[in-house]
Amino acid sequence: MSSELFPQKTTHPAIADVDKLRVNQEIRANEVRVVEPDGDHDVVPTGKALDRARDHELDLVEVAPDADPPVCKILDYGKYRYEKQKEEQRRRKKSKSMEMKELRFRPRTEEHDFNFKVDHAREFLEDGNKVKAYIQFKGRDIVYKDQGMDLLRRMIEELQEIARIDQQPEMEGRRMVMILAPHKNK
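Along each chain, the written sequence defines residue order, and numbers are assigned to residues from 1. Under the rules for a predicted model, residues below a pLDDT of 70 receive no local features and side-chain atom pairs below 80 are neither given nor counted, while totals for whole chains, interfaces and linings still include all residues. Hydrogens are left out, water is left out, and the side-chain values use all remaining heavy atoms of the structure.

Another point: unusual backbone geometry. In the segment running from Asp68 into Pro69, the intervening peptide bond is cis, with an omega of -5 degrees. On the secondary structure map, Pro69 appears in the loop between β3 (59–64) and β4 (71–75). In this structure, Asn24 takes a positive phi of about 50 degrees despite not being glycine. Strands here mean DSSP runs of E at least two residues long; helices mean DSSP runs of H or I at least four residues long; both are numbered from the N terminus. Topologically, Asn24 is positioned in the loop between α1 (13–19) and β1 (31–35).

Printed below as a string of structure tokens:
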């Protein structure tokens, strides 16, 4: 089987971006702007640029293929890939994704249990997560919808300084569901 029919795909996005770069003999342009390790740069034929890279015992990497002429740097390609990979990992680690945390109540939840769960909701909201609070009605509990609504209203009052209502309380089957989200300015 030919490798052109089934090209190798990298699973890591940072490596995929770096793999798009042309290195050494893969560079197709006749002339390139070469950036030396010491920062000097000038326009030279590709063959001469490759010779300079070999003199430094490094690789010639095309970093700006769309420029006229394309810009190539003389650097250690393996080290460059490693640094780009680590930079991508740090960037991804810093980006925070919002998660949905769930809290389940019953229509006749006791005061202590309610306060305990509201404290958990407060922690989730302060961490930047959304909170999905729902009242689970089982059996004949369905006749206590008003108690479920009162419970959710109390929760809204307790958390109003740090949260906003993302979805008003509504019935979904045998559950009364409400979603709270942290304030944007927090």
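Having seen the model, we can carry on.
In the sections that follow, a salt bridge refers to a side-chain nitrogen of Lys or Arg positioned within 4 Å of a carboxyl oxygen of Asp or Glu. In the structure shown here, the tally under the stated rule is 14 salt bridges. Arg106 is paired through a salt bridge with Asp141; the nearest N and O atoms lie 2.2 Å apart. With Arg106 in the loop between β5 (100–105) and α4 (111–126) and Asp141 in the loop between β6 (130–136) and α5 (145–159), this residue pair connects regions lying 35 residues apart in the sequence. Throughout, exposure labels follow a simple rule: accessible area from a 1.4 Å probe, protein chains only, divided by the maximum for the residue type, with under 20% read as buried, over 50% as exposed, and the rest as partly exposed. Given the relative accessible area of 33%, Arg106 is considered partly exposed. One salt bridge connects Arg154 with Glu111, and the closest N-O pair in it is separated by 2.8 Å. Here Arg154, found in helix α5, pairs with Glu111, found in helix α4; they are 43 residues apart in sequence, far enough to count as distant. Residues joined in a network through salt bridges with shared partners are Glu36, Asp42 and Arg52.

In this section: the pairing of β6. Among the seven residues that make up β6, six are buried, leaving the element largely enclosed by the rest of the structure. At least two DSSP bridges between two strands are required for those strands to pair. By the bridge criterion, six bridges tie β6 to strand β8 (residues 175–182) in an arrangement that is antiparallel. Bridge pairing in β8 places Ile135 opposite Met176.

To continue, consider the confidence of the model for the protein. As a per-residue quantity, pLDDT reports the predictor's confidence and falls between 0 and 100. With 88% of its residues at a pLDDT of at least 70, the protein reaches an overall mean of 85. Note that pLDDT drops below 50 for residues 1–16; the model gives that stretch 14 contacts with residues more than four away or on any other chain. Whether two residues touch is decided by their heavy atoms; if any such pair falls within 4.5 Å, the residues are in contact.

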